[in-house]
Each structure stands twice: as structure tokens, then as C-alpha cells.
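Spelled out, the chains give:
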Amino acid sequence: MSDWQIVIGLEIHAQLNTRSKIFSAVSTAFGAEPNTQASLVDLGFPGVLPVTNEAVYEKAVAFGLGVSAQINHRSVFDRKNYFYPDLPKGYQITQLADPIVEHGNVDIELADGSTKTIHITRAHLEEDAGKSLHEDYAGETGVDLNRAGTPLLEIVSEPDLRSAEEASTYARLIHKLLTSLDICDGNMAEGSMRCDANVSVRRYKNHPLGTRTETKNINSFRFLEQAINYEVERQIQVLESGGRVTQETRLYDPDRNETRPMRSKETAMDYRYFPEPDLLPVVIDDSYVEAIRERLPEMPDEKRERFERAFELTTEDAETLSTNRALADYFEQVATASEPRLASNWVRVELLGRVSKDNFDMAQVPIPASELATLINRISDDMISGKIAKTIFEALWNREASSVDAYIEAEGLKQVSDSSDLAPIVTSIIAANPKQAEQYRAGKTKLLGFFVGQVMKETGGRANPKQVNDLVRSELDATG
Amino acid sequence: MAVNKETVLTIATLAHLEMAPDQIDDQIDRMNRILDLVDEMQAVNTDDVEPLATPFDQVQRLRPDVVTESDQRDKLQTVAPRTTDGLYLVPRVVE
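Note that the structure is predicted; figures quoted are calculated from it, not measured.

About the thresholds
Residues numbered from 1 in each chain as written. Chains lettered and ligands numbered in written order. Predicted model: local features only at pLDDT ≥ 70, side-chain atom pairs only at ≥ 80, totals over all residues. Heavy atoms only, no water. Helix = DSSP H or I, 4+ residues; strand = E, 2+ residues; numbered from the N terminus. Buried < 20%, exposed > 50% of the residue type's maximum accessible area, 1.4 Å probe, protein only. Contact = heavy atoms within 4.5 Å. Areas by Shrake-Rupley, 256 points an atom, 1.4 Å probe, with all protein chains shown as cover. Lys, Arg positive; Asp, Glu negative; His and termini not counted. Charge placed at Lys NZ, Arg CZ, Asp CG, Glu CD. Rg over C-alpha atoms; globule rule 2.2 N^0.38 Å. Pairing = 2+ DSSP bridges. Arc of directions from axis to C-beta. Buried area = accessible area lost by both parts, 1.4 Å probe. Salt bridge = Lys/Arg side-chain N within 4 Å of Asp/Glu carboxyl O. Polar contact = N/O pair within 3.5 Å; in protein donor to acceptor, adjacent residues only side chain to side chain. Nonpolar A, V, L, I, M, F, W, Y, C, P; charged D, E, K, R; others polar. Phe/Tyr/Trp six-rings, centres within 6.5 Å; stacked < 30°, edge-to-face > 60°. Core = buried A, V, L, I, M, F, W, Y, C linked by side-chain atoms within 4.5 Å. Axes fitted to C-alpha atoms, helices over the stretch in contact; angles between N-to-C directions. Parallel < 35°, antiparallel > 145°, perpendicular 65-115°, else oblique.

Colleague: What exactly am I supposed to notice about the overall build of chain A here?
Modeller: On a plain count of helices and strands, chain A comes out with 16 helices and 16 strands. C-alpha extents for chain A along the principal axes are approximately 95 × 55 × 55 Å. Per-residue burial for chain A yields a buried fraction of 52% across its 480 residues. Within chain A, contacts between residues separated by at least 24 positions form 69% of all contacts whose residues are at least 6 apart in sequence. Counting every atom, chain A has about 22500 Å² of accessible surface; 47% of that belongs to carbon and sulfur. Averaging the positions of the 53 positive and the 76 negative side-chain charges in chain A gives two centres separated by 4 Å.

This is how it looks when you write it as C-alpha cells:
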């Protein structure tokens, strides 16, 4: 296997998170009843005309700037003709010769810590197709056209990737960019980002590229790696046994972990592209591009570096907290209103223990950043212990409490740190356990923990543990 | 360029049209006549003829990202041959 070089290029389809479709003023919301978001335009009725959504241009340009690409001031839509029931017009409106974005690049970090530049050939705008449901209708296919016309940005890489790991690292980076730029919600389970992998193998570097296959519609990073690895092995086996790889479209089946040819084609597909006669060219100028550049949010790497600097976080923690934009914004609000490193711990451990980093959605987080900051501040100013803080966090999470301060007050959770309150408790605990006190004085100092535990229990966990420690020790030493 | 049998069959396949063998020769002839007409038009001297008005120097106007369409499913599905559960039904398309 070592004398084979693997060559991979990815086509990533990202659904742009616009409110309305690319060519019709119909909602793009996911999960609606079938065909309730499919208008005359989406259904391809005769006589209707597409009208382009301005937001798709802003988002495509933002992506182009994010990957240091050339933004074409004049872009043109074309028709790609083919027959399939989920494409009722009989053609997909896309951009062939004059896409909005060309010649970009991103740097991915490899396993050995080095970086590698991956070139992005182009990113063009097009419309998504509907969905075909084959399972439940005997001998027939059900078609839901809600998705037809959802704006897509198709991001095409050069065949620069050399392993399944590199491919998934690149795909993850693009995912991070898309969500940070707020142009795609990145929800792969709902199909907001899908990958097609073009894979080929060749004997030696610099030999001509081998025949490639295209494995379509892979909707997770793990499946992407598995599909590529399967396809590489399959192609090598075919070639080593003297066969030839057929150029074809394949589908990855995660249940069986294999790829299969998608449709048999006796003749090569001829899409008969031609310029879309219903749409004029779109022309933008420098001031349009510059206005978008100015509004561009901070890139994930910049954010990570800033978190490291401003909040004194480790690279690893800063990375975790900067990957998802909603999460990063939340963390930043907490960190600026409390002790940043405590904020980092609480967000990473407690919050991300309950909601996934990749699909972080503020709608799922019942604790406002300001309340989490208050909670952390109450630990910092010794009003509550870390342990009590966790129970308050739990109450906030379960919506049993909405205000940290009100809850501390109502439940009497304030830490007892007044010596005059604690001293009598310490004295009575020592008096109640004469045997342990004797052993402690005889040198079994580990028993200190036992007394501290008893005091903490007696105070319902509200005592300041450090102070209890000091009090118990001095009391035991004094009354020896 | 002339249309031959192969071209006709390729176009028929791409257009999902069924073509009986005895229709092919007629089709070749018709398509060649279209091409002949194009050749004829291209041969005309148009040096002093003003071009017609075209939109080619215009650019596209874009629409704000606002949802203005509402659900018309029931109305739209009255013209569909077969529907069920809100879905359009078509002959099975997977092999």
C-alpha cells in the first residue's frame, strides 16, 4: 500500500442560512410539513421567473474573503440540465464559467503539527434539489420539494488532500469557517453541510492522476474518513489485480461501511450547460466587497489567539471555546464579567458536559451568561463554595432558579465564614469524637480530613473549607 | 456540422424521448434543416444593420432576503397526478 499515493479533492455543499430561498421568497426553515415550503417557482411551473436573493451574495463574498479568494465582480448563472423528480424544472441553476469566488486557500494543521495549504478552486452559488423518499411507497417515490431552491455554496478544493485524515481536517476547518462567518448553521445531521469526495490513487508521485470516483452526499466527518478509506482500498485492490477503476458516482453506506456505484450510466452524463436566460449577470464593485470585509466577524484562529492572550487560557482550552461562534460569544460574555479562567472551567466542564460543542445552540442553554458570571463571582468573593455553586448551577439548568443571588438568599446557601459562627461547631464536633481527637494528637494527622468533613456536614456544606481546616487544626493543637 | 444517427439517438436519450427506428431518418433530416437555416442566417451580411435592443448591458437586481410566500400546497397539488401524505408521487426512480 505504501507505494500508492492517494489523491483527494472535496466538493462541499453548504446550505446558506438565509431566511428565504435563493430564487423565491419562500421560507428555508428545516423540518416543515412536506411541500408546504414549495412555491410555483420551486415547483418549476411554466411562466414563472427566478429573482435572486441578495443575502446569498453577501454570504458567498464573506466566505470568499474568509479563504483569501478572488471575488469576481461579474458572476453569471447557468443551467445544468438533467432529469430527476426532485428537480422539477429539469435543470439546476448554478454557476459554471463565472462563479462568484475563485482561487482561495486555507491552511490545515497536520497530525505532526506542520501546516499544509489546501487550494480552493472555486465556490459557486446554486440551488438545492428536493428530497426523494423511496422507502414507504410501494413501487413509487415520494417527492418533497421544501428543500428545492435552498441556497447552496459549493466549495470545490483542488486535489491537494493526501489522506482521509487530511480530508476530514480540511472539512472540519471549512465547517468552522462557515459557522464562524455565520453563513451556514453547520448542522450536518440536517444536511446543512454535505461532502462529495473525489478519490483516486496512483503508483508514484508525479505520475498522471489515476481515474477517480466521486462518492456523494457524505454527511459526517467520520463517514467522510471511512468512505475515503474504503474507496482507496477498493481502488488499490482493483488496480493490483490488473483491473481498471471506472469513473463513476458512488454512494457511501454507513451501515455496511462500503461504497456502491450510484447509477449505471451507459453514456457519460452530458449536462448541456448554458447561461440561464432568466437571470442577468450579477455585478458587484469594490465598495460592496469592502463593506462586507468590514462587517466580517473575527475568524476562529484570531479568536483563539485573542482568548489565549486576553483570558490567559491554554491553546487547547481556547481552541475548544472558539470553535463554535455561539459558544465563543457566550464564553466571552461570562469571562469579561467574572474571573476568566474560572469562566473557562465552568463553560467547558459544566456547560459542555450538558450541551454538545458542535451543535451548541443558545436556545438549549437556560442560563444567561450574566447569571453564570454572577455564580462565578460568588465563588471568587467567597460567598459560596465550589460545591454549593454546582448545586446552584444544577438548579439554574433545570430552571428551578433564575437569579443566582436570589436563590442563594432564599435557600440560605451563603458560606459560613464568620469564625464566631464556626468555632462553636468545631468545638462540639471535637468534643463528640474524643477517640479520633486522641489519635490525631498521637500523630495520625490524616484525621484532620475527618473533622473537616464532619464540620462541613454539620453546616450543610456552607462552611468555607479552608477556614474550617485552619480552625480544626488550631483547636486540636490547642486543646491537646 | 451535420446531424447523424448517433447525434439524434444521443439527444433522444438526454431528453428522455422514445424514438422508433423508422422515425430516425426523418429526425436527422429535420435537424439538419434547422442547421441549414442557421447557416443561411449567418451568411447574411448584417454590417449596416443596427442590433436589436438587448438586456446584455443590464445587470441583475437582487431581492431582499424576506419570506413573502405562504403555503399553497393544497392548491398546487390539485394539478398533480398523484399525491399522498403531502408528497408528490412519481414512478419509482431508484434501481
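Colleague: How should I be thinking about the overall build of chain B in this particular structure?
Modeller: Along chain B, the regular secondary structure elements total three helices and two strands. The secondary structure elements of chain B, listed N-terminal to C-terminal, are α-α-α-β-β. For chain B, the C-alpha radius of gyration of 23 Å lies well beyond 12 Å, the compact-globule estimate for 95 residues. With the C-alpha coordinates of chain B rotated into their principal frame, the extents come out at 55 × 45 × 25 Å. Out of the 95 residues in chain B, the part that is buried amounts to 19%. Surface summary for chain B: the accessible area is close to 7900 Å², and the carbon and sulfur share equals 53%. Once the 9 positive and 19 negative side-chain charges of chain B are each reduced to a mean point, those two points are 13 Å apart.

Colleague: Would you mind going over the sheet that holds strand S13 (residues 249-253) of chain A with me for this structure?
Modeller: Backbone hydrogen bonds are what pair the strands of a sheet, in a parallel or an antiparallel way. Residue and element names in this part refer to chain A. Read across the open sheet, the nine strands follow the order S2-S6-S7-S10-S1-S11-S12-S13-S14; overall the sheet is mixed. Two strands close off the open sheet at either side, each with one partner strand: strand S2 (70-71) and strand S14 (258-261). As paired elements, strand S1 (residues 5-15) and strand S11 (residues 193-202) share ten bridges and run antiparallel to each other. Bridged to Leu10 within S11 is Ala197.

Colleague: Looking at this structure, how should I read helix H15 (residues 448-458) of chain A?
Modeller: Each turn of an α-helix holds 3.6 residues, which means side chains three or four residues apart point in the same direction. Residue and element names in this part refer to chain A. Turning to H15, its buried residues number three or more, namely Leu448, Phe451, Val452, Val455 and Met456. Buried residues in H15, looked at end-on, bunch into an arc of 140°, giving them a common side. Structural note: H15 exposes Lys457 and Glu458 on the side pointing more than 90 degrees away from its buried face. Just downstream of H15, Gly460 is the residue with a positive phi angle, here 65°.

Colleague: Looking at this structure, how should I read the side chain of Glu276 of chain A?
Modeller: Topologically, Glu276 of chain A is positioned in the loop between strand S15 (274-275) and strand S16 (282-283). For Glu276 of chain A, a relative accessible area of 3% puts it in the buried group.

Colleague: Would you mind showing me how to read the interface of chain B and chain A here?
Modeller: Put simply, an interface is often sized by how much accessible area is lost when its parts join up. Taken together, the contacts link 33 residues of chain B with 49 residues of chain A. Here chain B meets chain A over a buried area of about 3600 Å², counting both sides, of which 58% is carbon and sulfur. Of all residues in chain B, Gln60, Arg63 and Asp65 of chain B give up the largest surface area on contact with chain A, accounting jointly for 22% of the area buried on that side. Run the count over chain B and chain A and you get one salt bridge. Close ionic contact of Glu140 of chain A with Arg82 of chain B constitutes a salt bridge, the shortest N to O distance being 2.7 Å. Across the contact surface, chain B and chain A share 23 residue pairs in polar contact (both at pLDDT 80 or more). Listed by contribution, the elements that provide at least two residues to the side of chain B that touches chain A are helix H3 (73-77) and strand S2 (87-91) of chain B. Residue composition of the side of chain B that touches chain A, grouped by class: 17 nonpolar, seven polar and nine charged. Note that strand S9 (residues 140-144) of chain A and S2 of chain B share four bridges and pair antiparallel. Bridging from a neighbouring strand, Val143 of chain A pairs with Tyr88 of chain B of S2 of chain B.

Colleague: Mind showing me how you'd approach the packing of aromatic side chains here?
Modeller: By convention here, two paired aromatic rings are described through the distance between centres and the angle between planes. All names here are of chain A. A full pass over the atoms with the stated rule returns ten aromatic pairs over all chains. Judged by centre distance (6.0 Å) and plane angle (70°), the rings of Tyr82 and Tyr271 are edge-to-face. Placement of Tyr82 in the loop between strand S4 (78-81) and strand S5 (91-94) and of Tyr271 in the loop between S14 and S15 is noted, with a sequence separation of 189 residues between them. Measuring from centroid to centroid gives 5.4 Å for Phe311 and Phe331, while their planes differ by 85°, and the two rings are edge-to-face. A residue pair is termed long-range when its members are at least 10 positions apart, and Phe311 in helix H6 (residues 300-311) and Phe331 in helix H8 (residues 325-336) qualify at 20 residues. Of the residues examined, Phe331 reaches a relative accessible area of 0% and is grouped as buried.

Colleague: Sorry, what's going on with the sheet that holds S15 of chain A here?
Modeller: Residues and elements named next belong to chain A. If you walk across this open sheet you meet the three strands as S5-S4-S15, and the pairing is antiparallel. Each end of this open sheet is capped by a strand with a single partner; those strands are S5 and S15. In the sheet, S4 pairs with S15 via two bridges, with the strands oriented antiparallel. When the bridges of S15 are listed, Arg79 appears paired with Phe274.

Colleague: It is not clear to me how the nonpolar core should be interpreted in this structure. Could you clarify?
Modeller: It is characteristic of soluble globular proteins that their nonpolar side chains tend to be buried jointly. All names here are of chain A. One finds Leu10, Phe63, Leu125, Ile155 and Tyr170 to be the most contacted residues of the largest nonpolar core, which totals 65 residues. The leading source of residues in this core is helix H3 (residues 164-180), at eight residues. Sequence-distant contacts of Ile155, that is, excluding residues within four places in its chain, are made with Leu10, Glu11, Ile12, Phe63, Ile120, Arg122, Ala123, Tyr170, Ile174 and Leu178.

Colleague: Help me understand the packing of helix H13 (residues 419-432) of chain A against helix H14 (residues 434-441) of chain A, please; the structure alone is not making it clear to me.
Modeller: Two numbers describe a pair of packed helices, the interaxial angle and the distance between the axes. Residues and elements named next belong to chain A. For the pair H13 and H14, interaxial distance at closest approach is 5 Å and the crossing angle is 95°. What the angle tells us is that H13 and H14 run roughly perpendicular. For the pair H13 and H14, the contacting residues are Ile430, Ala431 and Ala432 in the first and Pro434, Ala437 and Arg441 in the second. Classifying every residue of the contact of H13 with H14 by side-chain character gives five nonpolar, no polar and one charged.

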